[in-house]
Structures are given as C-alpha cells and as structure tokens.
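Coordinate analysis (summary)
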Amino acid sequence: MNTSAMAQGGRIRARRAARGSVTEGAARAGLAARGVIYLLVGALALQIAFGDKGEQADRGGALAELSQKPFGAVLLWALGIGLVGMALWRLSEMLFGSVGQDGRSARKRLLATARFVFYAFVAYSVLSFAANRGGSGSGSSDRQSQDATARALEMPAGQWLVGAAGLAIVAAGGWIGVRAVLRKYHDKLRLGQMSPRTRRLVDVTGVAGGVARGLVFAMAGVFAVRAAVDYEPDRAKGLDDTLRSFADTPLGPWLLVFVAAGLVLFGVFSFAMARWRRV
C-alpha cells in the first residue's frame, strides 16, 4: 500500500514537473514575443515623431513591418506561436495559480483571466495576419476602437459602460506606471542571477518602459471617457492615434519621442523578463 502511494506520488510530481517545464517555456516565449511587438511599435512611433506620418504605430503596423523583413512569414508565425504561449501561461495561472504567496488568491486568478483573454485575442490577430499576410489581422487599432465604442454606446446604459471602461483603463495605466516606479517587478525576477550592472540596466528599462506604457494606457482611457461624455465614437482612439496625440501637446513631437523610446525600452525589458522572470 505504501509502495502504491509512493508510486502515485511520484507520478503526480512528474506530471507537475512536466507541466512546469511546458508552462515556463510558454511564458518565456510569450514574453519574448511581447518584446518584439513593443520594440517595433516604439520604433514606428519614433519614425512618426521625426516626420514619417505614413507609418502605423500599432500592432498592425508592427506586423506589416515584420512581414517585409527576410523570412517575414516565418517570423510572423513564430511571433504568433510565442503569443499563444503567453496566453497558455496566463491560462495556467488562472487554473493553477501563479508564483508568490498570494498566487492562488481570487484577485490573482481574476487578473490572470483578463490577461489570458487579452493575449488569446492578440495571438489570434497575429496568426490571422500571418495566415492572410495582411488580410483580416491588419485592421487599424483606431478603427477597431471606434467600432467597438460605437457598438458599446448603442447598448443600454452604453455611455456609462464606455465611461467606466475608460476610467478603468486610466486607472490601469496609473497602476502600471506606479508599479514600474516602485520597481515591483523585482518580486518576479531572479535578481540573484544578475550582475550589478545587469540589474541597473534592467531597472532603467523596467522603470522607463513601464512609465511610458502606463502613460499610453492612461491617455487611451482619457479618449474613451471623452467618447462617452460626448457620445461620439470617433473620439475613441487606438494605439496609433493615441501615440500621435502626444505630438499635439505643447511639447510638440518631443513628448512622442520620449514615449516611443520608452516603449522600445519596455520591449528590451520584456526580453529581460523572458530571461530572468520566475515562472
């Protein structure tokens, strides 16, 4: 009986180890894929800041840029598969919990659920783009945001729903930025495996990149609130128009330069997370 129990325990531990290895590989591939997208979006935004208004600084523009590179089709499929890995990692966190003392809490599982849905959608759009080479996956984020806002405004209490969603996005942007400044990501990194110089570089990319990312989220939320208040779906903006709006401030294109550079740094930070994050 004891032998049977020991054998069963061994099988359970083996399954957990195998699941852990698969989850870790999926997470690291997903974080690397996220890094590629932020690098490309940031680079496209920099081109816009320096006068190239024809670029589209969002996921569609990033995919179009990637498709023009040598072995573009292969790169697109690899990116999509990496994002599938990200979605599966978040799904595993939703089902089994994440690392940390409160990894199995309801709040963590809810966050994992939201992230799973988001990355599943992103992975689908990237794979659709790869399959059609610019077909259904290449729609502008601005048009998509405006269409979604128009449909939401037509619902009962639509203005309240869109306004609440906008405020939630603003709050999420502030949360992202504050956590970056406080370096909360330290809790998720294997800091002991880094040299002091590497840790400083990770902090530069993590803080600057997180603040830029949070600022973009917050600005997009502000536009959603304006769309709700004015009952005008066209006031909602996707990533491309949100980034362009930074060039319309009194600081001119320089604010867009700083935000775009921050997104590039967040892409680099994502690669660091892929290497040193505890999964």
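The numbering scheme is per chain: residues are counted from 1 as the chain's sequence reads. Given that this is a predicted model, residues contribute local features only at a pLDDT of at least 70 and side-chain atom pairs are listed and counted only at 80 or more, while totals for whole chains, interfaces and linings are drawn from all residues. Excluded from the side-chain calculations are hydrogens and water; all other atoms, namely the structure's heavy atoms, are used.

Here we take up the pattern of salt bridges. Whenever a carboxyl oxygen of Asp or Glu lies within 4 Å of a side-chain nitrogen of Lys or Arg, that contact is scored as a salt bridge. In this structure the tally under the stated criterion is 6 salt bridges. Linking Arg 244 and Asp 240 is a salt bridge whose minimum nitrogen-to-oxygen distance equals 3.0 Å. Of the two residues, Arg 244 and Asp 240 are both situated in helix 8 (residues 239–245); the distance of 4 residues between them amounts to about one turn of the helix. Exposure is judged per residue with a 1.4 Å probe applied to protein chains only, and the accessible area is read against the type maximum: over 50% gives exposed, under 20% gives buried, and values in between give partly exposed. Given a relative accessible area of 6%, Asp 240 falls into the buried group. Each of the salt bridges in this network shares a partner with another, and the network as a whole consists of Asp 230, Glu 232 and Arg 235. Runs of H or I in DSSP of at least four residues are treated as helices and runs of E of at least two as strands, each being numbered from the N terminus.

UniProt positions are given in the numbering used here, feature names are shortened, and annotations may be inferred rather than shown by experiment. As recorded in UniProt, the sites labelled "transmembrane region" (unreviewed entry) are residues 31–50, 70–89, 110–131, 160–182, 202–225 and 254–274. The span residues 160–182 carries 96% helix and 0% strand; its end-to-end C-alpha distance comes to 32 Å.

Moving on, we get to unusual backbone geometry. The phi torsion at Arg 183 lies on the positive side, around 60°, for a residue other than glycine. In this structure, Arg 183 sits in the loop between helix 6 (158–181) and helix 7 (196–230). Owing to a relative accessible area of 39%, Arg 183 belongs among the partly exposed residues under this scheme. The phi dihedral of Tyr 231 falls on the positive side, at around 55°, and the residue is not glycine. Tracing the backbone through its elements, the reader meets Tyr 231 in the loop between helix 7 and helix 8. Overall, the relative accessible area of 44% leaves Tyr 231 in the partly exposed class.

Residues are called lining when one of their atoms sits within 4 Å of a cavity or pocket point, these points coming from a 1 Å grid over the protein atoms alone, where a cavity is a set in which a 1.4 Å probe fits but cannot get out and a pocket is an open set with protein on both sides within 12 Å along at least five of seven lines. Grid points are joined across faces, edges and corners, and a volume is the space filled by probe spheres set on the points. Empty space within the second largest pocket amounts to approximately 350 Å³. Looking at the lining of the second largest pocket, the elements with two or more residues in it are helix 3 (72–96), helix 4 (106–132) and helix 6. Top contributing element to the lining of the second largest pocket by residue count: helix 4, with 6 residues. Tallied by class, residues from the lining of the second largest pocket come to 4 nonpolar, 3 polar and 13 charged. When residues of the lining of the second largest pocket are sorted by domain, at least three fall in each of domain 1 (22–147) and domain 2 (155–266). Residues were grouped as follows: Ala, Val, Leu, Ile, Met, Phe, Trp, Tyr, Cys and Pro as nonpolar; Asp, Glu, Lys and Arg as charged; and all remaining residues, including Gly, as polar. What counts as a domain boundary in this text is fixed by an automatic or database domain assignment.

So, on to the environment of Asn 132. Examined against the element boundaries, Asn 132 turns out to sit in helix 4. Judged by relative accessible area, Asn 132 falls into the partly exposed class, the value being 44%. A polar contact of 2.9 Å, which involves the side chain of Asn 132, links it to the backbone oxygen of Ser 128. Definition of a polar contact: a pair of N or O atoms within 3.5 Å, with one able to donate and the other able to accept a hydrogen when the atoms are protein atoms, and with sequence-neighbouring residues admitted only if both atoms are side-chain atoms.

Moving on to the packing of helix 6 against helix 7. Every axis in this analysis is a line fitted to C-alpha atoms, fitted for helices over the stretch in contact. Angles between the N-to-C directions lie between 0 and 180 degrees. Two elements in contact, helix 6 and helix 7, have axes separated by 7 Å at closest approach and are oriented at 165°. As judged from the angle between their axes, helix 6 and helix 7 are roughly antiparallel. Handedness of the crossing formed by helix 6 with helix 7: left-handed. Orientation labels follow simple angle bins: below 35 degrees gives roughly parallel, above 145 gives roughly antiparallel, 65 to 115 gives roughly perpendicular, and whatever is left gives oblique. Crossing handedness follows the turn of the near helix against the far one: under a right angle anticlockwise gives a left-handed crossing, and clockwise gives a right-handed one.

What follows is about the packing of aromatic side chains. Side-chain rings of Phe, Tyr and Trp, where Trp is taken by its six-membered ring, are said to pair if the distance between their centres is within 6.5 Å; with planes under 30 degrees apart they count as stacked, over 60 as edge-to-face, and otherwise as tilted. For the structure on display, the rule yields 5 aromatic pairs. With 5.0 Å between their ring centres and 70° between their planes, Tyr 185 and Phe 269 make a pair best called edge-to-face. With Tyr 185 in the loop between helix 6 and helix 7 and Phe 269 in helix 9 (residues 253–276), the pair connects residues that are 84 residues apart, well separated along the chain. The same class applies to Tyr 185 and to Phe 269, which are both buried. Between Phe 266 and Phe 269, the aromatic rings sit 5.9 Å apart at their centres with planes inclined by 45°, giving tilted as the arrangement. Placement of both Phe 266 and Phe 269 in helix 9 is noted, with a separation of 3 residues, approximately one turn of the helix. Residue Phe 266 is classed as buried on the basis of its relative accessible area, which comes to 4%. Ring pairing ties together the aromatic residues Tyr 38, Tyr 185, Phe 266 and Phe 269, which thus form one cluster. In this scheme, the term charge over a ring applies when either NZ of a lysine or CZ of an arginine sits within 6 Å of the ring centre and within 35 degrees of the ring normal. One Lys or Arg, Arg 90, reaches over the ring of Trp 89 and ends 4.0 Å from the middle of that ring.

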